[in-house]
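Notes for the structure review
The primary structure of each chain is shown beneath.
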Amino acid sequence: MTYALRSYFRSSASWRVRIALNHKGLAYETVPVHLLRGGGEQHGDAHHKLNPMEQLPVLLVDGIAIAQSVAILEYLEERHPEPALLPSESVARARVRQLTEVVNSGIQPLQNLFVMQQLGLQFGAPREAQQAWSRYWIERGLVALEELVGETGGTCCVGDFLSFADLALVPQLYNARRFSISIERFPRLLAIEAGLVTRPAFVAAHPDQQPDAEA
Ligand SMILES: N[C@@H](CCC(=O)N[C@@H](CS)C(=O)NCC(=O)O)C(=O)O
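Parameters and conventions
- Residue numbers restart at each chain and count upward from 1, following the sequence in its written direction.
- Confidence filtering applies because this is a predicted model: local features only for residues at pLDDT of at least 70, side-chain atom pairs given and counted only at 80 or more, and all residues used for totals across whole chains, interfaces and linings.
- Working from all heavy atoms in the structure, the side-chain values ignore hydrogens and water.
- Whenever Lys or Arg places a side-chain nitrogen within 4 Å of a carboxyl oxygen from Asp or Glu, that contact is recorded as a salt bridge.
- Where helices and strands are cited, they refer to DSSP runs of H or I of at least four residues and of E of at least two residues respectively, numbered from the N terminus.
- Between buried and exposed lies partly exposed: a residue is buried under 20% and exposed over 50% of the maximum accessible area for its type, with that area taken using a 1.4 Å probe on protein chains only.
- The cutoff for a nearby residue is simple: one of its non-hydrogen atoms must lie within 4 Å of the molecule or strand.
- Side-chain atoms alone can form a polar contact between residues adjacent in sequence; in general such a contact is a pair of N or O atoms within 3.5 Å, and within protein one must be able to donate a hydrogen while the other accepts it.
- Here, Shrake-Rupley sampling with a 1.4 Å probe gives the accessible areas, and only protein chains in the shown set may cover a residue.
- Buried and open spaces are told apart on a 1 Å grid over the protein atoms alone, a cavity being a set of points where a 1.4 Å probe fits but cannot get out and a pocket being an open set with protein on both sides within 12 Å along at least five of seven lines. Residues with an atom within 4 Å of a point are the lining residues.
- Those molecules having more than half of their atoms within 2 Å of a cavity or pocket grid point set are described as sitting in that cavity or pocket.
- Residues are grouped as follows: nonpolar covers Ala, Val, Leu, Ile, Met, Phe, Trp, Tyr, Cys and Pro; charged covers Asp, Glu, Lys and Arg; every other residue, Gly included, is treated as polar.
- Where each domain begins and ends is defined by an automated method or by a domain database.
- Here a residue-residue contact requires only that any non-hydrogen atoms of the pair lie within 4.5 Å.
- Reported buried area values correspond to the accessible surface (1.4 Å probe) lost by two parts on association, with both partners' losses combined.
- By the convention used here, strands pair only if DSSP detects at least 2 bridges between them.
- Axes here mean lines fitted to C-alpha atoms, for a helix over just the part in contact, with angles spanning 0 to 180 degrees between N-to-C directions.

1. What to know about the pattern of salt bridges
Tallied over the full model, the rule gives six salt bridges. We note a salt bridge from E74 to R97, for which the minimum N-O separation is 3.1 Å. Within this pair, whereas E74 is found in helix α3 (residues 69-79), its partner R97 is found in helix α4 (residues 90-104), the two being separated by 23 residues in sequence. Judged by relative accessible area, which is 33%, R97 ranks as partly exposed. Note that R185 and E139 form a salt bridge whose closest N and O atoms lie 3.9 Å from each other. One end of the pair, R185, is in the loop between α7 (164-178) and α8 (187-196); the other, E139, is in helix α6 (residues 127-152), with 46 residues separating them in the sequence. Assessed through its relative accessible area of 27%, E139 is described here as partly exposed.

See the structure below:
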């Protein structure tokens, strides 16, 4: 079984998958796809054929393309159950998926590059307005997550068990910083993040460590 990940160093959804691959000890080739160059390589024919949504990541499993980061995480969990990224107990599993979806469907899609671009193209929103839009959705989601981990969290988002939720959290906090959001108001999330980012799987998945990293 060979894995290749079509990825962009700063793509938060790709980053989730990189952490999972690293944590599970799976070798993979990184295939960089530049989201900005020439209008975005994700819109080219080669990438479109693999993912008609023209987004990253795409995991190629022996050449078969799987897109949507959470679908990829679920695939990896089924195919390589150890070390697990979902707890065994049903409520804890549901909590992991709940927290993951706060990021995956409640934050990330609303602050994404193509949403910001459409705000400009369709409604003439200037760059500052696009950024304010994204900041709103990131803050709204992080406020909810901070409250949720008050109930569910330990050293990780759900107890002390490393899970999909942690893989979603770390890249989202990175994005929050890029949007200059005051994240000091999320002490629980920051404490969890501090414990995660030194783990080897997270270190190797960081944007700065990717072959396509830019200053
Ligand atoms: N729900 C998708 C989101 C994918 C997504 O939004 N990817 C971004 C990078 S993080 C992308 O490819 N954006 C391309 C664009 O904005 O044109 C997933 O989890 O894979």
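2. Structural notes on the site of the ligand
Around the ligand, the structure places 17 residues, and the nearest of them are Q42, L56, Q68, S69 and N112. One nitrogen or oxygen atom from the side chain of R16 is found 3.5 Å from an oxygen atom belonging to the ligand. At 2.7 Å from a nitrogen atom of the ligand is found a side-chain nitrogen or oxygen belonging to Q68. Contact with the protein chains covers 94% of the free accessible surface of the ligand, which is 510 Å². A molecule is said to occupy a pocket when more than half its atoms come within 2 Å of that pocket's grid points, and by this definition the ligand occupies the largest pocket. Going through the elements one at a time, α1 (12-23) and α5 (113-123) are the ones with two or more residues in the shell around the ligand. Here the shell around the ligand gets three residues from one element, more than from any other, and that element is α1. When its residues are assigned to classes, the shell around the ligand shows six nonpolar, 10 polar and one charged. When residues of the shell around the ligand are assigned to domains, at least three map to each of domain 1 (3-83) and domain 2 (90-201).

3. With respect to the domain arrangement of the protein chain
The assigned domain composition of the protein chain is domain 1 (3-83) and domain 2 (90-201). Taken over C-alpha atoms, the centre of domain 1 sits 19 Å from the centre of domain 2. Counting from both sides, the interface comprises 16 residues of domain 1 and, opposite them, 19 residues of domain 2. Carbon and sulfur atoms supply 66% of the area buried between domain 1 and domain 2, which totals about 1700 Å² over both sides. Considering only the surface of domain 1 that becomes buried against domain 2, R10, W15 and R16 emerge as the three largest contributors, covering 34% of it. Where domain 1 packs against domain 2, one counts three residue pairs in polar contact (both at pLDDT 80 or more). Of all the secondary structure elements, the ones that give two or more residues to the side of domain 1 that touches domain 2 are α1 and α3.

4. As for the sheet that holds strand β4 (residues 64-67)
The four strands lie next to each other as β2-β1-β3-β4, forming an open sheet whose pairing is mixed. What marks the edges here is a single partner per strand, and that holds for β2 (29-32) and β4. In this sheet, neighbouring strand axes are inclined to one another by 25° on average, regardless of whether the strands run parallel or antiparallel. In this structure, strand β1 (residues 3-7) lies alongside strand β3 (residues 58-61), joined through four bridges in antiparallel fashion. From the neighbouring strand, L5 faces β3, where its bridge partner is L59. Its contacts with the sheet place α3 against β1, β3 and β4, and it is angled at close to 120° to β4.

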